[in-house]
Amino acid sequence: MNWNKLHPATLLICLTAVLLSGCGITEKIKSNYQVTIESYYAPDDLNADTQSTGLLLVDGVSEKALNTMLLSGVAIVNTNKPEKIIFSGTFKTGSFFSQISGVVVIPNLQPGKYRIIKINTWSANMWETIFLPNTKEYEIEISAGKPVYFGQIKVHQPNGSTDIELYINYDKNRETEAWRMVVDKYNVSPWVKKINAHIFGL
C-alpha cells in the first residue's frame, strides 16, 4: 500500500479564510470554504531512520452540530519545497472494524520547517477535507531523531451558523494519549524508544 497516494477529489467548492484577532489561535472560515472528498493512507510501518529523519504527529477533530468527525488525513509541505505535498492518513486502533484513532503520524521527514495545508475528517456518514489558511500558526519545525506533536486541530461549527472556526489546542494528557496510540499500533518500530522517552519528558 502506497501511503503517499491520494485519490482524486470528487467535490470542490470555494474557500475563504479570515484570521481573527486575539490571544488564541482561531480561524473563522466562511460558509463558502473549500471542501473536497479525499482518501489518505496511513503508513504501513514506522521502520524509518530515527537518526537523520523526523516524525510528526497531528491530532484533530471536527464538531459540527450533532456530528463529530475524527481526523483521518493530513497534507503537509516543506516550506522550502511547497510544490511537493506529503500525505498521510490515520490508522485504526485495533482490528479492521475498530474505530480510527483520530491521529495522523508522518514519518521520514527531512529536518526543516513544514506547514499543514489541509486536513481530512471522517465519520460514518460524513467526510470532508478543509484547506487551512496559509499562516505561520500551521507551521512546525522538524528535527532529526525527534518525535514532534503539532497539537489538536479542532473544527467547530456553532449551532445555527454556516461558518466554521478552527482552533489549535494543546493538552499534555491528550498528547500522551495520542503518542500511546502510535506506540500500540507500531510497537516494533525503532521510533518506539524515542517516543516513550518523549512521553516521559512531558
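Residues numbered from 1 in each chain as written. Predicted model: local features only at pLDDT ≥ 70, side-chain atom pairs only at ≥ 80, totals over all residues. Heavy atoms only, no water.

(A) Local environment of the overall build of the protein chain. Along its length, the protein chain carries two helices and 12 strands. For the protein chain, the α and β elements follow one another from N to C terminus as β-β-β-β-β-β-β-β-β-β-β-β-α-α. Of the roughly 10,200 Å² of accessible surface on the protein chain, 54% is carried by carbon and sulfur atoms. (Helix = DSSP H or I, 4+ residues; strand = E, 2+ residues; numbered from the N terminus. Areas by Shrake-Rupley, 256 points an atom, 1.4 Å probe, with all protein chains shown as cover.)

(B) Local environment of the packing of helix H1 (residues 172–185) against helix H2 (residues 191–200). The contact between H1 and H2 brings their axes to 10 Å, and the two run at 165°. One finds that H1 runs roughly antiparallel with respect to H2. Where H1 crosses over H2, the two elements pack in a sense that is left-handed. In contact with Glu175, Thr176, Trp179, Arg180, Val182 and Val183 of H1, H2 contributes Val192, Ile195, Asn196, His198 and Ile199. Counted by class, the contact of H1 with H2 contains six nonpolar, three polar and two charged residues. (Axes fitted to C-alpha atoms, helices over the stretch in contact; angles between N-to-C directions. Parallel < 35°, antiparallel > 145°, perpendicular 65-115°, else oblique. Left-handed = near helix turned anticlockwise from the far one by under 90°. Contact = heavy atoms within 4.5 Å. Nonpolar A, V, L, I, M, F, W, Y, C, P; charged D, E, K, R; others polar.)

(C) Geometry of the pattern of salt bridges. Under the criterion given, the structure shown has two salt bridges. One salt bridge in this structure joins Asp59 and Arg174, with 2.5 Å as the shortest N-O distance. Here Asp59, found in strand E4 (residues 54–64), pairs with Arg174, found in helix H1; they are 115 residues apart in sequence, far enough to count as distant. The two residues Asp59 and Arg174 agree in class, both being buried. Of the charged contacts in the structure, one is a salt bridge between Glu177 and Arg174, with a shortest N-O distance of 3.0 Å. (Salt bridge = Lys/Arg side-chain N within 4 Å of Asp/Glu carboxyl O. Buried < 20%, exposed > 50% of the residue type's maximum accessible area, 1.4 Å probe, protein only.)

(D) Just H2, in detail. Taken residue by residue, H2 has Trp191, Val192, Ile195 and Ile199 as its buried positions. What you see down the axis of H2 is that its buried residues fit within an arc of 100°, all on one side. More than 90 degrees from the buried face of H2, the exposed residues found are Lys193, Ala197 and Phe200. In this structure, the buried side of H2 is in contact with E4, strand E11 (147–157) and H1. (Arc of directions from axis to C-beta.)

(E) Representation of the environment of Ile140 within the structure. Inspection of the secondary structure assignment puts Ile140 in strand E10 (residues 139–142). Residue classification places Ile140 among the buried positions, given a relative accessible area of 14%. When the C-alpha atoms of Ile140 and Tyr114 are compared, they prove to be 5.4 Å apart, with 26 residues separating the residues in sequence. Ile140 has contacts with Leu56, Gly112, Lys113, Tyr114, Val148, Tyr149 and Phe150, leaving out every residue within four places of it along the chain.

(F) Quick peek at H1. In a regular helix each residue adds 1.5 Å, so 14 residues correspond to 20 Å; H1 covers 20 Å between its end C-alpha atoms and thus fits that length. For H1, every residue scored as buried is listed here: Arg174, Glu175, Thr176, Ala178, Trp179, Met181, Val182 and Val183. Buried residues in H1 make contact with E4, strand E7 (103–109), E11 and H2. Backbone nitrogen of Asn173 and a side-chain oxygen of the N-cap are separated by 3.1 Å at the start of H1; the cap is Asp171. (Expected span 1.5 Å × (residues − 1). Polar contact = N/O pair within 3.5 Å; in protein donor to acceptor, adjacent residues only side chain to side chain.)

(G) Here's a closer look at the nonpolar core. Leu56, Val74, Ile76, Ile116, Ile119 and Phe150 are the most contacted members of the largest nonpolar core, which totals 24 residues. Counting only elements with at least two residues in this core, the list comes to E4, strand E5 (67–78), E7, strand E8 (112–123), E10, E11 and strand E12 (164–169). It is E11 that provides the largest number of residues to this core, a total of four residues. With sequence-adjacent residues up to four places away left out, Ile116 is seen in contact with Val58, Val74, Ala75, Ile76, Leu132, Tyr138, Phe150 and Ile153. Counting 19 residues, the second-largest nonpolar core is a separate cluster that includes Leu46, Trp179, Val182 and Ile199. (Core = buried A, V, L, I, M, F, W, Y, C linked by side-chain atoms within 4.5 Å.)

(H) Representation of the environment of Asn80 in the model. Position of Asn80 among the secondary structure elements: in the loop between E5 and strand E6 (81–89). Between the C-alpha atoms of Asn80 and Gly112, which are 32 residues apart in sequence, the distance is 8.2 Å.

This is a description of form; function is not addressed.
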